[in-house]
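Overview (structure and organization)
Next come the chains, spelled out residue by residue.
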Amino acid sequence: MADAHSVVPASVLRNLSDKLYEKRKNAALEVEGIVKQLAALGDHEKISAVISLLTTEYTYSPQANHRKGGLIGLAAATVGLTSEASQHLEQIVPPVLNSFSDQDSRVRYYACEALYNIAKVVRGDFIIFFNQIFDALCKLSADSAANVQSAAHLLDRLVKDIVTESDQFSIEEFIPLLRERMNVLNPYVRQFLVGWITVLDSVPDIDMLGFLPDFLDGLFNMLSDSSHEIRQQADSALSEFLQEIKNSPSVDYGRMAEILVQRAASPDEFTRLTAMTWINEFVKLGGDQLVPYYADILGAILPCMSDKEEKIRGFARETNEELRSIKGEPEEAFNVGAILSIARRQLDSEWEATRIEALHWISTLLDRHRSEVLCFLNDIFDTLLKALADSSDEVVLLVLDIHACIAQDPQHFSQLVVFLVQNFRIDHSLLERRGALIIRRLCDLLDAERVYRELSSILEGEADLEFACIMVQALNLILLTSSELSEIRKLLKQSLANAAGKDLFVALYASWSHSPMAIISLCLLAQLLEPGRYVWLLKALYGLLMLLPQQSAAFKILQTRLKTVPTYSFNAGDQLKHALSGNPYSHHGASQITEDGNKNLNNGNVQNDINFTSWLEQFEQIQRQHRLLAKSQAQSRNNSLLKDGPKAEEPRQLPTSNTNRAVSRSSKRGPG
């Protein structure tokens, strides 16, 4: 091994570590000359010895001035080598890179200056050190010393020039380093990274677009940076990449779609807007390639349908329609269950527009993939039922449309009605607020008679008598007043004339018996709502009038209505007279009713076999159960009052014979 001390004079070595810059500079010039002479002689062994001396005794010295001299000496040796410097770079570059992390800012500055001079000489030959140089520059871009930052920027520009003209640069080796650095939050580092991404993307031979998924998330991170300049630079870079995507025949949409979905939920408005812009373009461009990511994309779109920013809402609506036009199939990785899960989750959104669109998606899936949706029915059914209590009427109507679509199958129809009754039982306020809307809509979408028969069948065996009474009263009011049930009313009016009407009357009777007023309404509807034919309606109404307190509003309303009944609406003037006289069967042309309650119709001799005596007994039996319940509840309240102590004068005990009447009269929520 050659001795460098025999080649480099002691005075040069001494000046190389002098505290004065001029002396160090002059010593470096002499080192340059010495190396140039050795290169001319081809004595690379001595050149290596000189470089080794500069490295071990200077750049790695504990003395700052020695380290400065070593760096300027290595740069001088490289200049002296000129075209032959490449074979010594393995010795020269590592100690310079090591100096970038020196604790002395002046040493770091000289390291930048030294590498700058080295790079000017070797140009593309130092590309083999690019990752280490890039890593060092990345750190120096955020250096605490302004002069070091300035020197690093000069070096950075030179390195960029060298890379753009080099054919040895490996983007594959560089990308992992870039991806790692993209998560750094320092604004100077972010500017440095965006600058490199932009430069590399401008090189025709470097395919940055192919590696975009590796650093796309980092660019989106920068959109919410506190620095306006960084946000602009990141947005500019993203815009350029999006344009390239539009013009590229081959793009990896999938990996980027996953990133965009996450960014669409960013708390930063600008980030959400940019993400939705990209998703919108992806759905238009990617088409079938995005089928495996269908659910994820939908999960990003639905919340944005209710974004506070109109531009974001606009992109979300447009993208939603584009996505709906992609008709994927399960065998093409179209995951019906995943999409249903997304839609179900969004039904809990606080925003009405999102809930509405989630329901539209469920409806769309039912239309296109009914059998697959029904396989997941247990996963979504409870949520759909809860949605019936939604604050939005539009949401409730859409939910009912979906329920009606599901209920086209008999087993699902029964399940729907059972669950509906259960929800009304659990939440009486739902029945009060939404009951009429829900039942009327179902009657409109499904067969009204079928709905009422199923409800009646369930309520007939209802154990909660109080709820049964409330529910029947609600159903009865809907039956009497809703346009959706006009056909049922027509059919019930024919209860005594044909078998279909009689069958419906019988189907409703048992459950309607939970409410005396409901059963009276049903009977009047079935028999007496044609005063020209059945004048007994008037007698029944006059009877009710006599039962009402004369000063009550109900008495006055009914009395006023009875006064408006025109006498010419009857077949004969004496028909009303017969009705009020108490002889219901004396008028010719009326139907004859036998003592056992059976009615013989004289028009066509149709025999109606309704056993009114039997049905009356059933009504009385059900009402006895209600009275027993009311009595039990009253007794429980009395016991509770006695236990807690009297707070007011106790009511006088009623006579035993009047107990039922008193309970019936005092219980507002009981039967009648």
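Because the structure is a prediction, the values reported are computed rather than measured.

1. Looking at the nonpolar core
Core analysis: the biggest nonpolar cluster contains 201 residues, and Met 208, Phe 215, Leu 219, Trp 278, Tyr 452, Leu 479 and Trp 512 have the highest contact counts within it. Take this core: its biggest share by element is 9 residues, from helix 6 (residues 105–122). Residues lining this core come from more than one domain, with at least three contributed by each of domain 1 (1–169) and domain 2 (409–567 + 615–623). Setting aside chain neighbours within four positions, we find Phe 215 in contact with Ile 175, Leu 178, Met 182, Ile 197, Met 208 and Phe 241.

2. Notes on the UniProt feature "repeat: HEAT" (unreviewed entry) in the protein
This chain's UniProt record puts "repeat: HEAT" (unreviewed entry) on residues 92–127. Strand forms 0% of residues 92–127 and helix 72%; the C-alpha atoms that close the span are 14 Å apart.

3. Some remarks on the environment of Leu 155
Relative to the helices and strands, Leu 155 is located in helix 8 (residues 146–165). For the pair Leu 155 and Glu 113, spaced 42 residues apart in sequence, the C-alpha to C-alpha distance is 7.6 Å. For Leu 155, the contacting residues outside a window of four places in its chain are Phe 100, Cys 112, Leu 115, Tyr 116 and Leu 137.

4. Observations regarding the packing of aromatic side chains
Within this structure, the stated rule accounts for 20 aromatic pairs. Both rings, one in Phe 381 and one in Phe 419, keep their centres 5.2 Å apart while their planes meet at 70 degrees; by these two values the pair is edge-to-face. Of this pair, Phe 381 sits in helix 20 (residues 377–386) while Phe 419 is found in helix 22 (residues 410–426), placing the two residues 38 residues apart along the sequence. The partly exposed category is assigned to Phe 419, whose relative accessible area is 25%.

5. Brief notes about the side chain of Asn 280
Secondary-structure assignment places Asn 280 in helix 14 (residues 269–286). We classify Asn 280 as buried; its relative accessible area is 1%. With near-sequence residues (within four places) excluded, Asn 280 lies in contact with Phe 315, Glu 318 and Thr 319.

6. Some remarks on unusual backbone geometry
Even without glycine at this site, Thr 82 takes up a positive phi of about 50 degrees. Mapped onto the secondary structure, Thr 82 falls in the loop between helix 4 (64–81) and helix 5 (89–99). Positive phi is not limited to glycine here, since Arg 123 has a value of about 50 degrees. Positionally, Arg 123 belongs in the loop between helix 6 and helix 7 (130–140).

7. Digging into the side chain of Asp 390
Structurally, Asp 390 can be placed in the loop between helix 20 and helix 21 (393–406). Given a relative accessible area of 10%, Asp 390 falls into the buried group. Apart from the residues within four sequence positions on either side, Asp 390 is in contact with Arg 355, Val 395, Val 396 and Arg 434.

8. What about helix 25 (residues 465–481)?
Taking 1.5 Å per residue as the helical rise, helix 25 with its 17 residues ought to reach 24 Å, and the 24 Å between its terminal C-alpha atoms agrees with that figure. What helix 25 keeps buried is the set Leu 465, Glu 466, Phe 467, Ala 468, Cys 469, Met 471, Val 472, Leu 475, Asn 476, Ile 478 and Leu 479.

9. Looking at helix 11 (residues 212–222)
Along helix 11, 9 of the 11 residues are buried, which leaves the element largely enclosed by surrounding structure. Taken as a whole, helix 11 has its buried residues at Leu 212, Pro 213, Asp 214, Phe 215, Leu 216, Gly 218, Leu 219, Phe 220 and Met 222.

10. Considering the pattern of salt bridges
Within the structure shown, the criterion is met by 30 salt bridges. Salt-bridge contacts for Asp 214 lead to Arg 179; the nearest nitrogen and oxygen are separated by 2.6 Å. Here the residue Asp 214 occupies a position in helix 11, and Arg 179 occupies one in helix 9 (residues 171–181), the gap between them amounting to 35 residues. On the basis of relative accessibility, which here comes to 38%, the residue Arg 179 falls in the partly exposed class. For the salt bridge of Glu 310 with Arg 313, the shortest nitrogen-to-oxygen distance reads 2.4 Å. Taken as a pair, Glu 310 and Arg 313 lie in helix 16 (residues 310–325) at a separation of 3 residues, close to a single helical turn. One continuous salt-bridge network, built from bridges that share partners, spans Asp 135, Lys 139, Glu 180 and Arg 181.

Cut-off values and rules
- Residues numbered from 1 in each chain as written.
- Predicted model: local features only at pLDDT ≥ 70, side-chain atom pairs only at ≥ 80, totals over all residues.
- Heavy atoms only, no water.
- Core = buried A, V, L, I, M, F, W, Y, C linked by side-chain atoms within 4.5 Å.
- Buried < 20%, exposed > 50% of the residue type's maximum accessible area, 1.4 Å probe, protein only.
- Helix = DSSP H or I, 4+ residues; strand = E, 2+ residues; numbered from the N terminus.
- Domains from an automatic or database assignment.
- Contact = heavy atoms within 4.5 Å.
- UniProt positions renumbered as here; feature names shortened; annotations may be inferred.
- Phe/Tyr/Trp six-rings, centres within 6.5 Å; stacked < 30°, edge-to-face > 60°.
- Expected span 1.5 Å × (residues − 1).
- Salt bridge = Lys/Arg side-chain N within 4 Å of Asp/Glu carboxyl O.

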